[in-house]
Amino acid sequence: AQTVTQSQPEMSVQEAETVTLSCTYDTSENNYYLFWYKQPPSRQMILVIRQEAYKQQNATENRFSVNFQKAAKSFSLKISDSQLGDTAMYFCAFMRNPLFGNEKLTFGTGTRLTIIP
Amino acid sequence: EAQVTQNPRYLITVTGKKLTVTCSQNMNHEYMSWYRQDPGLGLRQIYYSMNVEVTDKGDVPEGYKVSRKEKRNFPLILESPSPNQTSLYFCASSPSAGGPYEQYFGPGTRLTVT
């Protein structure tokens, strides 16, 4: 079974600074997908960024980028120029290649990020 | 607006009283799924459905039932709720068909069983 570990339960950073959230995972699969989801106080789950394991290039979405190290099974999220609206719980999630239909996301336990004005 | 809706958003009930949490999506998605979120555990999959009349268990299916009679709806049924089912529940949907496997989540349902 796959497991996802987020070793930082809480983090805080000053507004406009850069912060990196760590995530490691365990799998014997070769093809899979990795995601970062954001959950603000509204509780809505919002997709931040996605990475396909077969792609070597790290995914980037505006101020959000990942450092995907497949051999190390590491998938960290970097938030640049952090904003107050980035305050949220962040979840790392793993999806094995859904060849047989179940697109199950295996989630880590989350990192609560607070942006300080 | 493309969205996943859940009702009710908040529910307080008593042990043993059957309840249904509805989930509906207007994006013609094939895949739908239910998760529960508990502190310190992240989100865990309860049930999923690949299409109409096709459902299967996730990681924590005990005490829950689902049905998929229409493509847009995927209700979660608790026949005899117990306090350990107190949780935050999310419905999610995905277009499937080869990717990119982006799941759209509903707003969540906070359930308290006393």
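See the structure printed just above.
The following paragraphs examine the structure supplied in this document. Starting from 1, residues in each chain are numbered consecutively following that chain's sequence as written. The lettering of chains begins at A and the numbering of ligands begins at 1, in the order of writing. Side-chain atom pairs in this predicted model are given and counted only at pLDDT of 80 or more, local residue features only at pLDDT of at least 70, and totals for whole chains, interfaces and linings cover all residues. To obtain the side-chain values, all non-hydrogen atoms of the structure were included, while hydrogens and water were left out.

1. Notes on the overall build of chain A
Stage number 1. Helix numbering and strand numbering both begin at the N terminus, where a helix is a DSSP run of H or I of at least 4 residues and a strand a DSSP run of E of at least 2. Of the regular secondary structure elements, chain A holds 0 helices and 12 strands.
Stage number 2. Tracing chain A from N to C terminus, the helices and strands come up as β-β-β-β-β-β-β-β-β-β-β-β.
Stage number 3. Projected onto its principal axes, the C-alpha coordinates of chain A cover approximately 45 × 30 × 25 Å.
Stage number 4. Residue exposure (1.4 Å probe, protein chains only): buried if accessible area is under 20% of the type maximum, exposed if over 50%, otherwise partly exposed. Looking at the 117 residues of chain A, the share that counts as buried comes to 50%.
Stage number 5. In what follows, a contact means two residues having at least one pair of non-hydrogen atoms within 4.5 Å. In chain A, the proportion of contacts linking residues at least 24 apart, taken out of those at least 6 apart, comes to 56%.
Stage number 6. With residues, only the protein chains shown are counted as cover, and all accessible areas are computed by Shrake-Rupley using a 1.4 Å probe. Carbon and sulfur atoms make up 46% of the accessible area of chain A, which totals about 5700 Å².
Stage number 7. For the charge count, each Lys or Arg is scored as positive and each Asp or Glu as negative, with His and the chain ends excluded. Charge positions come from single atoms, namely NZ of Lys, CZ of Arg, CG of Asp or CD of Glu. Charge-centre separation for chain A: the mean point of 11 positive side chains lies 6 Å from the mean point of 10 negative side chains.

2. Quick notes on the environment of A16(A)
Stage number 1. With respect to the helices, strands and loops of the structure, A16(A) is situated in the loop between β2 (10-14) and β3 (19-21).
Stage number 2. Taking the relative accessible area as the measure of exposure, A16(A) reaches 48% and is therefore partly exposed.

3. Some details on the packing of aromatic side chains
All names here are of chain A.
Stage number 1. Any two rings among Phe, Tyr and Trp, with Trp reduced to its six-membered ring, count as a pair given centres within 6.5 Å; such a pair is stacked if its planes are under 30 degrees apart, edge-to-face if over 60, and tilted if neither. This model, assessed by the stated rule, comprises 15 aromatic pairs over all chains.
Stage number 2. Their ring planes at 80 degrees and their centres at 6.3 Å tell us that F68 and F75 sit as a pair that is edge-to-face. Comparing F68 with F75 shows no difference in burial state: the two are buried.
Stage number 3. Centre to centre, the rings of F91 and F107 are 6.1 Å apart; their planes meet at 90 degrees, and the pair counts as edge-to-face. Here the residue F91 occupies a position in strand β10 (residues 88-96), and F107 occupies one in strand β11 (residues 106-107), the gap between them amounting to 16 residues. One exposure class covers both F91 and F107, and it is buried.

4. Comments concerning the interface of chain B and chain A
Stage number 1. The interface is formed by 26 residues belonging to chain B together with 21 residues belonging to chain A.
Stage number 2. Regarding the contact of chain B and chain A, the summed buried area is about 2000 Å², with carbon and sulfur atoms giving 50% of it.
Stage number 3. Buried surface area refers to the total accessible area, computed with a probe of radius 1.4 Å, that the two partners give up upon joining, counted for both partners together. Three residues, L43(B), Y101(B) and F105(B), lead the burial of chain B against chain A; their summed loss comes to 30% of the area buried on that side.
Stage number 4. Throughout this description, the term salt bridge denotes a Lys or Arg side-chain nitrogen within 4 Å of a carboxyl oxygen of Asp or Glu. Between chain B and chain A we count 2 salt bridges in total.
Stage number 5. Residues K104(A) and D59(B) are paired through a salt bridge, measuring 3.0 Å at the closest nitrogen-oxygen approach.
Stage number 6. Broken down by secondary-structure element, the contributors of at least two residues to the side of chain B that touches chain A are β4 (31-38), β5 (42-51) and β9 (87-94) of chain B.
Stage number 7. A total of 5 residues in the side of chain B that touches chain A trace back to one element, the largest contributor, which is β5(B).

5. Comments concerning the pairing of strand β11 (residues 109-113) of chain B
All names here are of chain B.
Stage number 1. Of the two faces of β11, only the one carrying T109, L111 and V113 is buried; R110 and T112 on the other face are not.
Stage number 2. At least two DSSP bridges between two strands are needed for those strands to be called paired. As judged from the 4 bridges shared by strand β2 (residues 10-13) and β11, these two strands associate in the parallel manner. Its bridge partner lying in β11, Y10 is registered against R110.
Stage number 3. Bridging between β9 and β11 involves 3 bridges; their strand directions are antiparallel. Pairing of L88 across the sheet is with R110, part of β11.

6. Let's talk about the sheet that holds strand β1 (residues 4-7) of chain B
Stage number 1. Taken together, the 4 strands give an open sheet; going across it, the order is β1-β3-β8-β7 (chain B), and neighbouring strands pair in antiparallel fashion. Of all the strands in the sheet, the pair left with one neighbour each is β1 and β7 (65-66) of chain B.

7. Some thoughts on the state of the cysteines
All names here are of chain B.
Stage number 1. In this description, a disulfide is simply a cysteine sulfur pair whose atoms lie within 2.5 Å. With the rule as written, the count across this model stands at 2 disulfides over all chains.
Stage number 2. Paired by a disulfide, C23 and C91 hold their sulfur atoms 1.8 Å apart. Disulfide C23-C91: torsion about the S-S bond near -70 degrees, hence left-handed. Highlighted residues: C23 in strand β3 (residues 19-25) and C91 in strand β9, separated in sequence by 68 residues.
Stage number 3. We classify C23 as buried; its relative accessible area is 2%.

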